[in-house]
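Analysis of the macromolecular model
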Amino acid sequence: MKTRKMVYIALLSAIAIILHMVDHYLSAPLPFGVKFGIANIISLMAIELYGIQEMWIINIMRVMISGLLTGSIMSYPFFMSCGGVLLSSIALCILHIFHFFPIVSMSIISAIAHNIGQIIVISLIISSTAVVPYIFVMLISAIPTGILTALIAQEALKRVKT
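Our subject in this report is the structure included herewith. (Residues numbered from 1 in each chain as written. Predicted model: local features only at pLDDT ≥ 70, side-chain atom pairs only at ≥ 80, totals over all residues. Heavy atoms only, no water.)

This next bit is on a nonpolar patch on the surface. Together, Leu-86, Ile-90, Ile-94, Ile-97, Phe-98 and Phe-100 give the surface a local cluster of nonpolar side chains, amounting to about 610 Å² of exposed area. The topology assignment puts Ile-94 in helix 4 (residues 76-97). The class for Ile-94 is partly exposed, based on a relative accessible area of 45%. (Patch = residues over 30% accessible without salt bridge, like charges linked within 9 Å, V, L, I, M, F, W, Y side chains within 5 Å. Areas by Shrake-Rupley, 256 points an atom, 1.4 Å probe, with all protein chains shown as cover. Salt bridge = Lys/Arg side-chain N within 4 Å of Asp/Glu carboxyl O. Helix = DSSP H or I, 4+ residues; strand = E, 2+ residues; numbered from the N terminus. Buried < 20%, exposed > 50% of the residue type's maximum accessible area, 1.4 Å probe, protein only.)

In C-alpha cells:
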C-alpha cells in the first residue's frame, strides 16, 4: 500500500471514529434509540474511492477504536455495533460488485442491513426473539437516515474527486 493511500485511509478512519462518537451523542433526543448513522458516510466514501478492502479496514478500526474510546468495548452496544457494521459492510460489498446501484440505494440497503444485524445480535445476547418486532421501527428509520447519509456522502465525494 502506498504511503499516500495509507495516510488517506488513516484520515478517513479518524473522521469515521469522530462521526461515530458524535452520532452517539446526537441520538439522545431521537426516539427509540434511532441514530443517524453519520459514520457510514465515510464507509460509502471509502468504498467508492478505494474499494472493498479499504472500507473493511476503516469500518473495523472505527468500531474497535470507538469502543475503546467510549468504554463500551465488550459490552452490549459494542457487540450490537459489530453486528450492524458486519452486515452493512457485507451488503455494501455485494452492492459494490454490481455497479448499477446508485449511492442512495446502497446507503438505504446498508442502513437496513445494519439494523437487522443489530437486532440479530441483541436477540442472540438475550436469547429471546422479543426484540424482533422492534425491527419495523428500525427499518422505517433506516430510509430517511440512509438517504441523508447518501446525500452527504455524494456531496463529499464530488468535492474530494475534483
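What follows picks up the thread again.
Mapping Gln-53 onto the fold places it in helix 3 (residues 52-70). When the C-alpha positions of Gln-53 and Gly-83 are compared, they lie 18 Å apart, and in sequence the two are 30 residues distant.

The next subject is the environment of Ser-66. Considering the arrangement of structural elements, one finds Ser-66 in helix 3. Its relative accessible area of 1% is what places Ser-66 among the buried residues. A sequence separation of 49 residues divides Ser-66 from Asn-115, and the C-alpha atoms of the two residues are 19 Å apart. Ignoring any residue separated from it by four or fewer positions in sequence, one finds Ser-66 in contact with Ile-17, His-20, Met-21 and Met-61. (Contact = heavy atoms within 4.5 Å.)

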